[in-house]
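Structural overview
Read off the chains here:
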Amino acid sequence: EDDFQFLLCEGCRQESPNLKLLTCLHTLCLGCLGKNKPVGQCPVCCTAIPQASGIPDMDNLLFTNLQARLRVYKQMVDGVDLFCDNCGKSGEFWCSECFEFLCTKCFEAHQRYLRWESHRAKRVMDIRAGSAKDFLAGIRRTGSLFCSNPDHKSQPVSIYCQRCEKALCCSCALLDNHHAPFRDIRSETQRRQEELSSMERELRRRRSGFEATYASLQGEAARLEEAQREMRELIRQRVEQLVRLIRQEEEELVGLVEARQEQGRRELARELRHVEGVLWRMEAGERLVEKMNLYATEQEVMDMQPFIKGSLQELQRLQPPAAMDQAEPGPFAECRAKLQAL
């Protein structure tokens, strides 16, 4: 089965009796071509299909006929439904020209009447003992061409008309004077096969150039992938480096904020203590003057008044600290500047 996987549809990989040969030389079944999207393109290589319907006109006769021949071979190997196509008895022979099974009696008649027409029936047991390739090779050697004229369809052909490019039987060649020049059909078949072989060799030579280009493109794609990987890695490393630097700046800025906060806290605490002391002194002065007015004797006034007056005059000369202007740079102005620069 591995030797004949090429007979399967190249789309669904299934055996099909309706195989079409595309201009790109891929073979697909009608089912795959009917489901093909987009219509008008080979689903394997995306080559355009000339037919507007997306269904090629050319049948892959080789693959279809090989499938039919292999089914017959499998039927013989499995020993299933081997009945004579003439009388229904057990089929023990098979004729590659008639494509029929024959019992022993029908085989003898077959050999008697068709022995001069290249009909060579073989025993089913002998065919079963050989390989599928041997079976196909035997059919190929015994195969005959028949005239394309419906009136002569049973006539074997041996002549090829170069003008109309058709195989003819002797009757067509003699009766129709439009056919000329002639060539032996076997020579023409061999010439066509050699022409295809020559083209195949040239195709193989040209293919090496495309394979080299394909390998070069694959290498370029690999280099592109590698360059992308390296760039992604470089980006990741640089971002990590930037993150580390930003974290370092963060630590420095937080440390600066804490230092400025501590400095500001100490300054504010000093101002608070100063203002609080002034308030306590004023409160003490107010209380002392009040008590002097209520309870001091003249002698006490005379003795204490100059001292109290000097202290009150000193308090009067004091000015409250100006309130902090929000527009002026605060203790974190340096931090803001560094953060803005970052």
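Our structure is the block above this text.
Please read all numbers here as calculations on a predicted model, not as lab measurements.

Some details on the overall build of the protein chain
Summing up its helical and strand segments, the protein chain has 9 helices and 8 strands in all. Here the protein chain holds 342 residues, and the buried ones make up 21% of them. Counting contacts in the protein chain only where the partners sit at least 6 residues apart, residues at least 24 apart contribute 41% of the total. Looking at the protein chain as shown, the accessible area adds up to about 25700 Å², and 54% of this sits on carbon and sulfur atoms.

As for helix H7 (residues 185–295)
The terminal C-alpha atoms of H7, which comprises 111 residues, lie 156 Å apart, in line with the 165 Å expected from a rise of 1.5 Å per residue. The complete set of buried residues in H7 reads Ile185, Glu188, Leu253, Leu256, Gly264, Val278, Gly285 and Met292. Buried residues along H7 sit against strand S6 (159–161), strand S7 (166–168), strand S8 (182–184), helix H8 (298–317) and helix H9 (333–341).

Some remarks on the side chain of Lys20
Among the secondary structure elements, Lys20 is positioned in strand S1 (residues 19–21). Overall, the relative accessible area of 12% leaves Lys20 in the buried class. Side chain to side chain, Lys20 and Asp59 meet in a polar contact 2.6 Å long. In this structure, Lys20 is in contact with His26, Thr27, Leu28, Leu30, Leu33, Ile55, Pro56, Asp57, Met58, Asp59 and Asn60, ignoring residues within four places of it in sequence.

Observations concerning the packing of aromatic side chains
The full count for this structure, using the stated rule, is 6 aromatic pairs. Ring centres of Tyr73 and Phe135 lie 5.4 Å apart, and the angle between their planes is 35 degrees; this geometry places the pair in the tilted category. Here Tyr73 is found in helix H2 (residues 61–78), whereas its partner Phe135 is found in helix H5 (residues 132–142), with 62 residues between them in sequence. Pair check on accessibility: Tyr73 and Phe135 agree, each one buried. When the centroid spacing of 3.8 Å and the interplanar angle of 0 degrees are considered together, the rings of Phe93 and Phe107 count as stacked.

Thoughts on the side chain of His26
Checked against the element boundaries, His26 lands in the loop between S1 and strand S2 (27–29). With residues up to four places along the chain from it excluded, the contact list for His26 reads Glu10, Lys20, Leu21, Cys42, Val44 and Cys45.

With respect to the pattern of salt bridges
Side chains bearing opposite charge may pair, as long as their charged atoms lie close to each other. If you walk through the whole model with that rule in mind, you get 19 salt bridges. With a shortest N-O distance of 2.7 Å, Glu220 and Arg223 are connected by a salt bridge. Of this pair, Glu220 and Arg223 both sit in helix H7, 3 residues apart, which is roughly one turn of the helix. Glu262 serves as the salt-bridge partner of Arg266, at 3.5 Å between the closest nitrogen and oxygen.

Structural notes on the sheet that holds S6
Strand order in the open sheet made by the 3 strands is S7-S6-S8, with antiparallel pairing throughout. Sheet topology places S7 and S8 at the edges, where each strand pairs with a single neighbour. Averaged over all neighbouring strand pairs, the angle between strand axes comes to 40 degrees, with direction disregarded. Relative to S8, S6 runs antiparallel, the two sharing 3 bridges. In the sheet register, Ile159 faces S8, and the bridge partner there is Asp184. Those strands touched by H7 are S6, S7 and S8, and its axis lies near 80 degrees from that of S8.

Cut-off values and rules
Every residue gets a number counted from 1 within its own chain, in the order that chain's sequence is written. Owing to the predicted nature of the model, reporting of local features is limited to residues with pLDDT of at least 70; listing and counting of side-chain atom pairs is limited to 80 or more, with chain, interface and lining totals taken over all residues. To obtain the side-chain values, all non-hydrogen atoms of the structure were used and water was disregarded. Working definition: helices are DSSP H or I runs of at least four residues, strands are E runs of at least two. Numbering for both runs from the N terminus. Residue burial is assigned from relative accessible area. The probe radius is 1.4 Å, only protein chains are included, and a residue is buried under 20% of its type maximum, exposed over 50%, and partly exposed in between. Should any heavy atoms of two residues lie within 4.5 Å, those residues are considered in contact. Note on areas: Shrake-Rupley with a 1.4 Å probe; residue coverage comes only from the protein chains shown. The length a helix should cover is 1.5 Å for every residue beyond the first. Each polar contact in these results corresponds to two N or O atoms within 3.5 Å; when the atoms are within protein, one needs to be able to donate a hydrogen and the other to accept it, and residues that are neighboring in sequence are counted only if both atoms are side-chain atoms. A pair of Phe, Tyr and Trp rings is counted when the ring centres sit within 6.5 Å of each other, with Trp represented by its six-membered ring. The angle between the planes then sorts it: under 30 degrees is stacked, over 60 is edge-to-face, the rest tilted. Each reported salt bridge corresponds to a side-chain nitrogen of Lys or Arg within 4 Å of a carboxyl oxygen of Asp or Glu. For two strands to pair, DSSP has to find at least two bridges joining them. Fitting a line to C-alpha atoms yields each axis, with helices limited to the stretch in contact; the angle taken between N-to-C directions then spans 0 to 180 degrees.

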